[in-house]
Amino acid sequence: MYALADCNNFFASCERVFRPELNGRPVIVLSNNDGCAVARSNEAKALGIKMGDPLFKIRDIVEKNNVAVFSGNFALYGDMSRRVQEVLRGYSPSIEVYSIDEAFLDLDGIDVDFDKYAKEISRECWRQTSIPVSVGIAPTKTLAKIASKLCKKYPKLKGGCYMHRQQDIEKVLKKFPAEDVWGIGRRMMRKLESMGVKTAWDYVSLPETTVRTLFHLPGFRTWKELKGIPCIEMEDMIEPRKTICVSRSFNREITDRTELCEQVANFAESAVSKLRAQGSVALEIVVFALTNRFKEKAPQTCGSKLVVIPDGTSDHPTFIRHALVAC
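Residue numbers restart at each chain and count upward from 1, following the sequence in its written direction. In keeping with the predicted nature of the model, local features appear solely for residues at pLDDT of at least 70, side-chain atom pairs appear and are counted solely at 80 or more, and the whole-chain, interface and lining totals rest on all residues. For side-chain calculations, the full set of non-hydrogen atoms in the structure is used, while hydrogens and water are omitted.

Q: Honestly, the pattern of salt bridges in this entry has me stumped. Any pointers?
A: Here the idea is simple: oppositely charged side chains can pair when their charged atoms come close. Salt bridges are defined as contacts in which a side-chain nitrogen from Lys or Arg sits within 4 Å of a carboxyl oxygen from Asp or Glu. Using the criterion set out here, one finds 13 salt bridges in the structure. For Arg-82, the salt bridge is made with Asp-79, and the minimal N-O distance between the two is 3.8 Å. One end of the pair is Arg-82 and the other is Asp-79, both in helix 4 (residues 74–88) and 3 residues apart, which spans about a single turn. If you follow the salt bridges from partner to partner, you end up with Asp-79, Arg-82 and Arg-83 in one network. Where helices and strands are cited, they refer to DSSP runs of H or I of at least four residues and of E of at least two residues respectively, numbered from the N terminus.

Here it is in structure tokens:
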């Protein structure tokens, strides 16, 4: 069995952790340049705010409905992500961090009531981090992804969904849009639409030879996974990350600029090493610094600076030099 733990509206939820007065109020988080909405609370979604909407186009909605607007604080989001991961590691000997807000858990050999287990994981993540997490458990990673989405749609599931009976899987797939299936991209979806395929069940119902011929190995693996046959092992489908975040909490406060720049250089070295490992280049660097948020009575601030690298780079000295520009 596999579990997929997915943090709900993650960036918006992180902003609410230290601002409980925002609960129930629409919240959006903007991209680095404060241009577009990259995260929305459920209340913001209900207002019709869509992912990627430019702020200037939705300003009337924001002002009329008292929407809380935040600039992306990726240092905070990375820290909260690690906290959630620490909770998850207590429930599985093997976890695969798929993205900043998602992680797979390998439940092979664990003998428990998986429905209660999923709900317990969700409940414990909330208790320890105040981040709402949807946990789907199923025989394959692809089905676990779908199960986690059901948690978000149906609150009565209480954050956990165990989907394993064939009749239940068939019922869900008949209503689940094919375009929302993990592994089915836009190009593949265009071809499926021309074939009249609209739901995940339509895709599963295609003949094996058709799937192999038209969609090759990746499409065939997704097809088998939807049938409940595991063929995507842990870490098999890790794609190059579009963002890499390296951040740490210091063991003491830093007030010396030279010392701060040394730490920025160390973080940049770690980030560019990860960048090179996945064969990518960076087009921009964002350097964040924030005060100790645990000193509640002390003044709080968070600053950031974006440094653009016109031609992109994965060269260590060049990357670090650009990062130090922010100091």
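Q: Explain the sheet that holds strand 2 (residues 27–30) to me, please; I cannot follow it from the model alone.
A: Neighbouring strands of a sheet are bound in pairs by backbone hydrogen bonds; such pairs are parallel or else antiparallel. At least two DSSP bridges between two strands are required for those strands to pair. One open sheet holds the 3 strands; their spatial order is 3-2-4, and the pairing between them is mixed. Every other strand in the sheet has two partners, leaving strand 3 (37–40) and strand 4 (68–71) as the edge strands with one partner each. With strand direction ignored, the average angle separating the axes of adjacent strands in the sheet is 25°. As judged from the 4 bridges shared by strand 2 and strand 4, these two strands associate in the parallel manner. Residue pairing for strand 4: Leu-30 is matched across the bridge by Ser-71. On top of the sheet, helix 1 (residues 10–17) reaches strand 2, strand 3 and strand 4; it is set at about 110° to strand 2, its chief contact. For every element, the axis is a line fit to its C-alpha atoms; helices are fit only across the contacting stretch, and the angle between N-to-C directions ranges from 0 to 180 degrees. In this description, contact between two residues means that some pair of their heavy atoms is separated by no more than 4.5 Å.

Q: Explain the environment of Gly-72 here, please?
A: Position of Gly-72 among the secondary structure elements: in the loop between strand 4 and helix 4. With a 1.4 Å probe rolled over the protein chains alone, any residue whose accessible area is under 20% of its type maximum counts as buried; one over 50% counts as exposed, and the rest are partly exposed. Relative accessible area serves as the criterion here: at 13%, Gly-72 is assigned to the buried category. Considering only alpha carbons, one finds Gly-72 and Gly-312, 240 residues apart in sequence, at a separation of 22 Å. Excluding residues that lie within four positions of it along the chain, Gly-72 makes contacts with Val-29, Leu-30, Tyr-77 and Phe-288.

Q: Looking at this model, I keep getting lost on the sheet that holds strand 8 (residues 160–162). Mind explaining?
A: Ordered by their spatial adjacency, 5 strands build an open sheet running 5-6-1-7-8, and the pairing between neighbours is mixed. A strand with exactly one partner marks an edge of an open sheet, and here the two such strands are strand 5 (95–99) and strand 8. Here the strands of the sheet are splayed against their neighbours by 15° on average, with no regard to which way each runs. Strand direction decides the pairing type here: strand 5 and strand 6 (residues 102–106), joined by 4 bridges, are antiparallel. Considered in strand 6, the bridge of Ser-99 is made with Glu-102. Against the sheet, helix 4 makes contact with strand 1 (2–7), strand 5, strand 6 and strand 7 (133–138), and its axis sits at roughly 155° relative to strand 5, the strand it touches most. In the packing of helix 6 (residues 141–153) onto the sheet, the strands contacted are strand 1, strand 5, strand 6, strand 7 and strand 8, and the crossing angle to strand 7 comes to about 140°.

Q: Looking at this structure, how should I read a positive patch on the surface?
A: Nonpolar side chains (Val, Leu, Ile, Met, Phe, Trp, Tyr) are joined into patches within 5 Å and like charges within 9 Å, using only residues with over 30% relative accessible area and no salt bridge. Here, Shrake-Rupley sampling with a 1.4 Å probe gives the accessible areas, and only protein chains in the shown set may cover a residue. Charge convention: Lys and Arg are scored as positive, Asp and Glu as negative, and His as well as the terminal groups of each chain are ignored. For charged residues, the charge sits on one atom: NZ in Lys, CZ in Arg, CG in Asp, CD in Glu. On the surface, Lys-153, Lys-156, Lys-171 and Lys-175 cluster together to form a positively charged patch. Within the element layout of this structure, Lys-171 appears in helix 7 (residues 166–173).

Q: Help me understand the environment of Phe-176, please; the structure alone is not making it clear to me.
A: Looking at the element boundaries, Phe-176 is found in the loop between helix 7 and helix 8 (186–194). Take Phe-176: its relative accessible area is 9%, and that puts it in the buried class. For the pair Phe-176 and Lys-198, spaced 22 residues apart in sequence, the C-alpha separation works out to 8.7 Å. In contact with Phe-176, other than residues within four places in its own chain, are Ile-146, Lys-149, Val-181, Lys-198, Thr-199 and Ala-200.

Q: What's the story with unusual backbone geometry in this structure? I'm lost.
A: Residues other than glycine predominantly adopt negative phi, and peptide bonds predominantly adopt the trans conformation. Even without being glycine, Ser-130 reaches a positive phi, approximately 65°. You will see that His-216, though not glycine, has its phi angle at about 60°, which is positive. Along the chain, His-216 turns up in helix 10 (residues 208–226).

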